[in-house]
Amino acid sequence: EEYVSVPMTFERRRCRRPSLRIIDGATGMETAYQLSDVKYAGADFITSCTLTFPASLTPFQKRLYAICSDWEEGFRPPDYPSDLAFDAESRVLSNRLVALRLPPAAIECPVPADKCPAPILALRGPDGVWFGAGRIVSDRTIEAFKFEEMEKGPIFRDFRITYTFAEKKAPPEPGEEK
């Protein structure tokens, strides 16, 4: 099973986000999907987006997927089952195979780069063992840090972590060489 991402455009006022569906043409079943880079034309009408959904294909196999939307009010999509989870307290993003330990939502700045959390603090494989240790290496101080969740859905979650570095190197700590 692979994830397919397709950029889409829709006629104005013809695709309502709450009613969007992807139907597997071979089975007639709905397929879980996620939208990103969504642009709207008022309320919940989508004019363009990127659709991401799982597709089970063998090499060179063709398969039809239908994208449907009811542009009338009152149609709500079902909740799709997903094992993708983010625990905001422990800062762990996980599924059944892998987990990532992410940095805190906020830190007190300014802070030396080596004291600032890296974008990924550790990984955990299917055996449950945590390994690795992310770090930031720089002579410059981190002046600002921002952690944002950009997309949340059944297929993927997208986070943006922004570090703003000082223009000049940080002064040496007492006892360090200049």
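Please refer to the structure higher up on the page.
What counts and how
- Residues numbered from 1 in each chain as written.
- Predicted model: local features only at pLDDT ≥ 70, side-chain atom pairs only at ≥ 80, totals over all residues.
- Heavy atoms only, no water.
- Phe/Tyr/Trp six-rings, centres within 6.5 Å; stacked < 30°, edge-to-face > 60°.
- Helix = DSSP H or I, 4+ residues; strand = E, 2+ residues; numbered from the N terminus.
- Buried < 20%, exposed > 50% of the residue type's maximum accessible area, 1.4 Å probe, protein only.
- Lys NZ or Arg CZ within 6 Å of the ring centre and 35° of its normal.
- Salt bridge = Lys/Arg side-chain N within 4 Å of Asp/Glu carboxyl O.
- Pairing = 2+ DSSP bridges.

1. Some thoughts on the packing of aromatic side chains
(1) Moving on: Enumeration according to the criterion identifies four aromatic pairs in this entry.
(2) Moving on: Arranged with centres 5.0 Å apart and planes meeting at 55°, the rings of phenylalanine 86 and phenylalanine 159 form a pair that is tilted. Within this pair, whereas phenylalanine 86 is found in strand β6 (residues 85–87), its partner phenylalanine 159 is found in strand β13 (residues 157–169), the two being separated by 73 residues in sequence.
(3) Moving on: For the ring pair phenylalanine 147 and phenylalanine 159, a centre distance of 5.4 Å and an interplane angle of 40° mean the geometry is tilted. Note that phenylalanine 147 is positioned in strand β12 (residues 140–152) and phenylalanine 159 in strand β13, a separation of 12 residues in sequence. With respect to class, phenylalanine 147 is no different from phenylalanine 159; both count as buried.
(4) Moving on: Chaining the aromatic ring pairs together yields one cluster made of Phe86, Phe147 and Phe159.
(5) Moving on: Just above the ring of phenylalanine 147 sits the side chain of arginine 91; from NZ or CZ to the centre is 4.4 Å.
(6) Moving on: The ring of tryptophan 130 is capped by arginine 101, whose NZ or CZ atom sits 4.0 Å from the centre of that ring.

2. Regarding the pattern of salt bridges
(1) Moving on: Summed over all chains, the structure comprises six salt bridges.
(2) Moving on: Between glutamate 30 and arginine 21 there is a salt bridge, and its shortest N-O distance comes to 3.1 Å.
(3) Moving on: On the basis of relative accessibility, which here comes to 38%, the residue glutamate 30 falls in the partly exposed class.
(4) Moving on: Judged by relative accessible area, which is 7%, arginine 21 ranks as buried.
(5) Moving on: Ionic contacts of the salt-bridge type, sharing partners, join the residues Lys146, Glu148 and Arg160 into one network.

3. Considering the sheet that holds strand β11 (residues 130–131)
(1) Moving on: If you trace the five strands from one edge of the open sheet to the other, you get β6-β7-β8-β10-β11, paired in antiparallel fashion. Because the sheet does not close on itself, it has two edges, and the strands there are β6 and β11.
(2) Moving on: Bridge count between strand β7 (residues 92–94) and strand β8 (residues 99–101): three bridges; the pairing is antiparallel. Residue pairing in the sheet places leucine 93 in a bridge with leucine 100 of β8.

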